[in-house]
Amino acid sequence: MSARTDTPTNNSDFSAAKCEALTNQYVRSDGILRPGNTNCAGCGMSLGLQWLDQGLEGEKPTMVIPACCGIVTAGGFPTSAYGVPTVATTFASSPAVATGIAKVRELNGEANPTVCWTGDGGTYDIGMATLSAAAERNENLIYICYDNEIYGNTGGQRSSATPLGVKTTTTVQGKAERKKDVMAIMAAHRIPYCATLSLAHREDFLRKIKKARQTRGFRFLLILSPCPTGWKSEPTDSVELVRAAVGCGLFPLYEVFDGVRYRINARPDGTPLDRYLAGQKRYKSESIDVGLIHSQIREQWACLEALERSFPARKED
Amino acid sequence: MARALVTGNNAAGHTLAVAGEANRVARGCCGGAYPITPQTEIIEFLRGFKFTKGEIVPVESEHSAMAVCIGASLAGARSFTASSANGLTYMTENVFAAGFYRLPIVMIAVNRTVGPPWNIWVDQGDSLALRDAAWMQFYCESHQDLVDTILVAFRVAEDRRVLLPALVAEDGFILSHTTMVVDLPEQNLVDRYLPPCRVPHQLSFKHPGTVGGLTWPRETEHHRREIQEAMEAVPAVMREALDEFEKIFGRRPHGAFTAEQTEDAEVVLVACNTMARTVRRVVEARRAKGEKVGLVKVKMFRPFLREEFAKAIGSAKRVGVLDRNHSPGSGGIFWTEIATSLRQRPDVLLQDYLVGLGGGDVLPRHVEEILDDLKARKQSEEPIWKEVAA
Ligand SMILES: Cc1ncc(C[n+]2csc(CCOP(=O)(O)OP(=O)(O)O)c2C)c(N)n1
Ligand code: SF4
Ligand SMILES: [Mg+2]
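What you see is a predicted model, and the numbers here were worked out from it, not measured in a lab.

1. Remarks on the pattern of salt bridges
Under the definition given, this model contains 52 salt bridges over all chains. Close ionic contact of E177 of chain A with R158 of chain A constitutes a salt bridge, the shortest N to O distance being 2.9 Å. Taken as a pair, E177 of chain A in the loop between β4 (142-147) and α7 (182-187) and R158 of chain A in the loop between β4 and α7 lie far apart in primary sequence, 19 residues in all. Given the relative accessible area of 39%, E177 of chain A is considered partly exposed. Each of E141, D145, E260, R277, R280, K297 and K299 of chain B takes part in a single network of salt bridges with overlapping partners.

Encoded structure:
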């Protein structure tokens, strides 16, 4: 049908030997995240993906990643910084693509976990309906949102995870709305397991990955993921920023079982809020009202404490 | 052979189900399903079917229905779904993704007008809008044609020389909701006809890599050219698939085009789907009166075999295209495709008729009027709006 102007591509040779030779040239199976990835220095994903690997204790996941920084991480074809089978899905689709994969794995008796690794854009915004539906169907998936509170991949626009007052390229005066409480939304789906994970609390992080691994059904994990590029922070500060966010109470560490039983894992330790805000230029805005953030933190904690008091986790949770 | 009185949608549902079931010897079958008129009975049928090794997921949208198919196919299963009109347009992003991932998914498109304004009746504009998504496209004229084409579509789609998804279209209501006697394919025959589905780029722990990640212009161009080459492999693979079909089922489904009474025809009409049957009846009646008229039925729209089409019209000097679709600012979508096929034939008067849009009932007398117009005209003009609605 089409005329040729130069040598045709050759797709006719699918021989196993040739495929093997080609793949062996590029592939080293050494973990989920391998050297050579494209993450910026100090990116929360770099630590998060390595700890995910450690938490899975050798179990190889299939990674399902929508449009976001996390898929750029893989690098350009034919290389792959992911050392496990990985799919780059359309932006809103990762939990639905993962559903298909997990169903077929199950039909074939394969126990390997299927993991969605997604940004806040894919979770809080464009993928919310897909996520909600997969959670409602209680698909057997581990869904992890690395929340950098911004559209990193497209250069730093607002998402509904961007906190009140923060400057992004589409909220130049500072964002007028509060961050969406995605944990409450996911808990409302009454899925078996929801948890927040901190990149400054390794043991707690690994325990939660293990818990997720040992639970069946839909598991939702939220990681506060520093983005030096978008947060305008120092790459070397990333872990300390997360420690400050947990310490000042801005990012509570907690778990929700079956959407109804709560366990708080760390309480505010008196770290001043400013330790978190000062290191990030995205918070250098007229519209930042520190008093308001303080009162929102208090309100959030009053709520969480009340939930834990009234609906505590069981010992075996 | 199980002869049964069934609707188009039940015939399609049954055929998808037995095709999925046939893959129980390999990695099973899985797809996503979301209802829309006039497709709904197909997915209801699939949800009710007891697969030995398969599952149909009732998702929240068509976008996710295709996403589930993509995941299932990447995991090595046979995968299929069905939709219509706004379901197809809503699904579009992942329709393109399925094509560009080279996944042999089969989708039934029950043709319906894309809204607004809301109209549930037949119009091929919905599936034709997906023509650039790297899917094969087949258009069916009858219940039996639909059943047979679905099986052929799986076989061609999953062939290693092709590895492209396939869309099989049937007319909303005119086919989907009417009842005819059909030879429904039995499981044991389908088991013989469809080899186990193998997706060579299935997700693999042995050879981990990123499917669908970043490419540069050079790789992307190669990717597109490989898809073109796969499209070019379709005619030969399809011929084999039809030969094999005939051996196993004892009848031969139609190929890309069927040229009927065209050898000595001076005037040829081109149509697809159920409209082709109406045209056939008119052509036969005119032939009985001694008029040299013929019909070319288009079954396969992607790939579009331009040379084969040019041959199919024979030496006809007048060709009229019946388009039940409209590309605003251009005209009929079949017509533009046919015009490029006849670019070496300046002697042919080619006229487009936009007919039956939004489900208008195309009756024999409308086809007669089109034929008379075509025979009488001095030259062709812009696509003609041939109104049929009463
Ligand atoms: C349907 C669609 N719309 C828009 C885009 C462009 N896009 C790609 S990534 C992205 C933002 C991703 O943000 P997030 O999910 O938070 O991940 P991050 O980049 O921050 O890691 C956008 C808007 C797209 N790929 N697909
Ligand atoms: S832009 Fe931010 S999230 Fe994206 S790779 Fe860089 S640091 Fe990580
Ligand atoms: Mg983000």
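Now that the structure is up, let's keep going.
2. Details of the site of ligand 2
Around ligand 2, the structure places C40, C43, C69, N148, C227, P228 and T229 of chain A. Residues of the shell around ligand 2, tallied by class, amount to five nonpolar, two polar and no charged.

3. What about helix α9 (residues 273-288) of chain B?
Residue and element names in this part refer to chain B. A rise of 1.5 Å per residue sets the reference length of α9, with its 16 residues, at 22 Å; its end C-alpha atoms lie 24 Å apart and thus fit the reference within 8%. Where α9 is concerned, the buried positions are N273, T274, M275, A276, T278, V279, R280, V282, V283, R286 and R287. Positive phi shows up at G290, right after α9, with a value of about 90°.

4. Looking at the side chain of R105 of chain A
Locating R105 of chain A in the fold gives a position in helix α4 (residues 94-107). Contacts of R105 of chain A, omitting those with residues within four sequence positions, involve T62, E110 and N112 of chain A together with R27, L203 and F205 of chain B.

5. Some details on the interface of chain A and chain B
Many structure descriptions define interface size as the accessible area lost when the parts assemble. On the chain B side, the residues contacting the 54 residues of chain A number 53 residues. A combined buried area of about 4,200 Å² lies between chain A and chain B, and 59% of that area is made up of carbon and sulfur atoms. Counting the contacts that link chain A with chain B gives three salt bridges. Linking K103 of chain A and E55 of chain B is a salt bridge whose minimum nitrogen-to-oxygen distance equals 3.2 Å. Summed over the shared surface of chain A and chain B, the number is 13 residue pairs in polar contact (both at pLDDT 80 or more). Split into classes, the residues belonging to the side of chain A that touches chain B amount to 23 nonpolar, 22 polar and nine charged. For strand β2 (residues 86-88) of chain A and strand β9 (residues 210-211) of chain B, the ladder comprises two bridges, and the chain directions are parallel. Looking at β9 of chain B, one finds that V87 of chain A is bridged to V211 of chain B.

6. A closer look at the domain arrangement of chain B
Residue and element names in this part refer to chain B. Domains assigned within chain B are domain 1 (2-249) and domain 2 (257-386). If you average the C-alpha positions of domain 1 and of domain 2, the two centres end up 28 Å apart. Every contact between the two is made by 31 residues of domain 1 and, on the other side, 22 residues of domain 2. Across the domain 1/domain 2 interface, buried area totals approximately 2,200 Å², and carbon plus sulfur atoms make up 56% of it. Counting every contact that joins domain 1 to domain 2 gives six salt bridges.

Thresholds, definitions, all that
Residues numbered from 1 in each chain as written. Chains lettered and ligands numbered in written order. Predicted model: local features only at pLDDT ≥ 70, side-chain atom pairs only at ≥ 80, totals over all residues. Heavy atoms only, no water. Salt bridge = Lys/Arg side-chain N within 4 Å of Asp/Glu carboxyl O. Helix = DSSP H or I, 4+ residues; strand = E, 2+ residues; numbered from the N terminus. Buried < 20%, exposed > 50% of the residue type's maximum accessible area, 1.4 Å probe, protein only. Near = heavy atom within 4 Å. Nonpolar A, V, L, I, M, F, W, Y, C, P; charged D, E, K, R; others polar. Expected span 1.5 Å × (residues − 1). Contact = heavy atoms within 4.5 Å. Buried area = accessible area lost by both parts, 1.4 Å probe. Polar contact = N/O pair within 3.5 Å; in protein donor to acceptor, adjacent residues only side chain to side chain. Pairing = 2+ DSSP bridges. Domains from an automatic or database assignment.

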